[in-house]
Amino acid sequence: MRIERVELRRIRTPMRFRFETSFGEETQKETILVSVHADGLAGYGESTAMSRPVYNEETTSTVWYVLERFLIPLLFSREISHPDEVSELFAPIRRHFMAKAALEGAVWDLWAKRQGIPLARALGGEKTAIDVGVSIGIEPTVEQVLRHVDRFLSEGYKKIKVKIKPGFDVKVIESIRKEFGDGVPLMADANSAYTLEHIDVMKELDQYGLIMIEQPLAHDDIIDHAKLQRELTTPICLDESIHTVEDARKALELESCRIINIKVGRVGGLTPARKIHDLCLERGIPVWCGGMLEMGVGRAHNIAVTSLPGFTIPGDTSASSRYFERDITIPAIELSAPGTLAIPDGPGIGYDLDEERVRRITVDHAVFRRPH
Ligand code: OSB
Ligand code: MG
């Protein structure tokens, strides 16, 4: 496959709600849409980096820079016969996982379209639908969190994840259990807001039958998480700490976690995501697909990867309408049944790009052509 052209578009649009985590709040979505072109077909990818380097070290601007300066030239340096080669080609560039994933995902989409098969099938996924959950941010009051839980349960979401931080943790979980009962599939995500000194809070949270506690400790830690896991019944899930299959292997060896959240962007693409999935499947470790408040293209990639068999826990890929007035795909991503998303059967990501919508929200656009 000879990629003839790559286009980058910086897009910006308001979100329908303010999403607060322990590291800050988001009110608008700003991302980079990547398209790769060959033989009249286009493949799409979407950056999952945030505007500020508070989840990881990347930002929308560093993604653009690394793509323009290093990754697009690398992609033009040779022909690709299978998308698995792209992450190998990018290996000499250290980290910058989200930049790599945005371009690698676009190549996967293009490749699947050329084969005339859905991206999910190209990856080896056999599911026809996936169960999904929802991630609820920190709110000014516990009352507001309860209202969201109520609404999302009524929409049939199969997992409720709530963001916690010191001072906004046990009371949230306790209130949800009191109001909605022990049957609600519930988990908490701390986004690295705690240390081992908070062991008492962790032990209190341990009493509520949570499916897991996600990334309680430092963003780059697997040692203290292992110590904490030994003290808890509730499984720890790692998000921020896992970027490579080697990270995953080490965390499992140390027993730092019993579940892994796989985000395609955080691990540098669909091929590395599948490798982590394969390792976990072999070791009997359940995985699920995390979200980064993606727009439709990123969301479609998440749906495709979740079709793999080891994704046994509902992920964070909710319907577009939860996040945006109008998304960038046609159709928008909507639940096919309560708490369920169908795997589309069209080629590639299976959703068309709403080009008019994309044009309206584009704030920067660049075209890169393969040198002759
Ligand atoms: O830690 O999973 C996270 C959003 C932004 C950054 C980090 C995280 C999240 C979410 C939102 O939890 C998941 C989503 O709805 O896309
Ligand atoms: Mg998380």
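Since we're looking at a predicted model, the values are computed, not measured. (Residues numbered from 1 in each chain as written. Chains lettered and ligands numbered in written order. Predicted model: local features only at pLDDT ≥ 70, side-chain atom pairs only at ≥ 80, totals over all residues. Heavy atoms only, no water.)

### Some points on the domain arrangement of the chain
We apply this condition: Segmentation into domains, and thus their bounds, comes from an automatic or database assignment. Working rule for contacts: check all heavy atoms of both residues, and any pair within 4.5 Å makes them a contact. The term buried area means the drop in 1.4 Å probe accessible area that two parts suffer when joined, counted for both and summed.
For the chain, the assigned domains read domain 1 (5–116 + 354–369) and domain 2 (122–342). Using C-alpha coordinates to define each centre, domain 1 is positioned 23 Å away from domain 2. Contact with domain 1, which involves 40 residues of that partner, is made by 47 residues of domain 2. Summed over both partners, the interface of domain 1 with domain 2 buries about 3600 Å², with 62% contributed by carbon and sulfur atoms.

### What about the coordination of the magnesium ion (ligand 2)?
For clarity, the threshold we go by: Distances decide who is a donor: an N, O or S atom must be within 2.8 Å of the metal, or within 3.2 Å for Na, K and Ca. Water is not included, so sites may look incomplete. By the criteria applied, helices consist of DSSP H or I runs no shorter than four residues and strands consist of E runs no shorter than two, each listed in order from the N terminus. Partly exposed describes any residue whose relative accessible area lies between the buried limit of under 20% and the exposed limit of over 50%, with all areas from a 1.4 Å probe on protein chains only and scaled to the type maximum.
Distances from the magnesium ion (ligand 2) to its protein donors, Asp189 (OD), Glu214 (OE) and Asp239 (OD), fall at 2.2 to 2.3 Å. Here the donor residues of the magnesium ion (ligand 2) are spaced in sequence according to D-x24-E-x24-D. Remark: Asp239 occurs in the loop between strand 9 (236–238) and helix 9 (245–254) and Glu214 occurs in strand 8 (residues 213–214); sequence separation between them is 25 residues. Comparing Glu214 with Asp239 shows no difference in burial state: the two are buried.

### A few points about the nonpolar core
Our working rule: Residues enter a nonpolar core if they are buried and are Ala, Val, Leu, Ile, Met, Phe, Trp, Tyr or Cys, with the set joined through side-chain atoms within 4.5 Å.
Counting residues in hydrophobic clusters, the biggest one holds 120 residues, and the most contacted among them are Val6 and Leu103. Sorting elements by how many residues they give to this core places helix 3 (residues 97–115) first, with ten residues. Composition of this core by domain shows at least three residues from each of domain 1 (5–116 + 354–369) and domain 2 (122–342). Setting aside anything within four residues of it in sequence, one finds Leu103 in contact with Val6, Val34, Val36, Leu67, Leu71, Ile72, Leu75 and Phe90. Among the nonpolar cores identified, the runner-up in size contains six residues, and Met187, Met212, Cys237 and Trp288 belong to it.

### Regarding the packing of aromatic side chains
The description of two aromatic rings rests on the distance between their centres and on the angle between their planes. How we decide: Any Phe, Tyr or Trp ring, taking Trp's six-membered ring, that has another such ring centre within 6.5 Å forms a pair; planes under 30 degrees apart are called stacked, those over 60 apart edge-to-face, and the others tilted. Placement of a positive charge over a ring is assigned whenever Lys NZ or Arg CZ falls within 6 Å of the ring centre and within 35 degrees of the normal to the ring plane.
In this structure the tally under the stated criterion is seven aromatic pairs. Members of the aromatic cluster, connected to one another through ring pairs, are Phe17, Phe19, Tyr323 and Phe324. The residue whose ring lies beneath Lys100 is Phe97, and the NZ or CZ to ring-centre distance is 5.8 Å. Here Arg322 stacks its cationic end above the ring of Tyr323, 5.2 Å away from the centre of that ring.

### Comments concerning the packing of helix 9 against helix 10 (residues 270–283)
Here is the rule: With axes taken as lines fitted to C-alpha atoms, and helix axes fitted only over the stretch in contact, angles between N-to-C directions fall between 0 and 180 degrees. Angle categories: roughly parallel below 35 degrees, roughly antiparallel above 145, roughly perpendicular from 65 to 115, and oblique for all the rest. By definition, turning the near helix anticlockwise from the far helix through less than a right angle yields a left-handed crossing, and turning it clockwise yields a right-handed one.
Across the interface, helix 9 lies against helix 10 with an axial gap of 9 Å and an inter-helix angle of 25 degrees. Classified by the angle between their axes, helix 9 and helix 10 sit roughly parallel to one another. Like other packed secondary-structure pairs, helix 9 and helix 10 cross with a definite hand, here right-handed. Contacts between helix 9 and helix 10 involve Val245, Ala248, Arg249 and Leu252 from the first element and Lys275, Ile276, Leu279, Cys280 and Arg283 from the second.

### Notes on the sheet that holds strand 15 (residues 362–369)
The line we're drawing: The pairing criterion is simple: DSSP has to find at least two bridges between the two strands.
Strands sit in the order 3-2-1-15 across an open sheet of four strands; the sheet is antiparallel. The open sheet has two edge strands with one neighbour each: strand 3 (41–46) and strand 15. Each strand of the sheet is rotated relative to its neighbour by a mean of 25 degrees, with strand direction disregarded. As paired elements, strand 1 (residues 5–21) and strand 2 (residues 24–38) share 13 bridges and run antiparallel to each other. Looking across to strand 2, one finds that Pro14 is bridged to Gln28. Against the sheet, helix 1 (residues 60–76) makes contact with strand 1, strand 2 and strand 15, and its axis sits at roughly 150 degrees relative to strand 1, the strand it touches most.

### Observations concerning the site of ligand 1
Put simply, the rule reads: One heavy atom within 4 Å of a molecule or strand makes the whole residue count as near it. Under this definition, polar contacts are N or O atom pairs within 3.5 Å; protein pairs additionally need one hydrogen-donor-capable and one acceptor-capable atom, and for neighbouring residues in sequence, both atoms have to be side-chain atoms. Surface accessibility in these figures is a Shrake-Rupley result with a 1.4 Å probe; residues are shielded only by whichever protein chains are displayed. Here the term charged refers only to Asp, Glu, Lys and Arg, the term nonpolar to Ala, Val, Leu, Ile, Met, Phe, Trp, Tyr, Cys and Pro, and the term polar to all other amino acids, Gly among them.
Neighbouring ligand 1 are 18 residues, the closest being Lys163, Asn191, Lys263, Leu293 and Tyr323. Within the side chain of Lys163, an N or O atom sits 2.9 Å from an oxygen atom of ligand 1. Here an oxygen atom of ligand 1 sits 2.7 Å away from a polar atom, N or O, in the side chain of Asn191. Contact with the protein chains removes 100% of the 390 Å² of surface that ligand 1 exposes when unbound. For the shell around ligand 1, the class distribution of residues is seven nonpolar, three polar and eight charged. Looking at which domains feed residues into the shell around ligand 1, each of domain 1 (5–116 + 354–369) and domain 2 (122–342) gives three or more.

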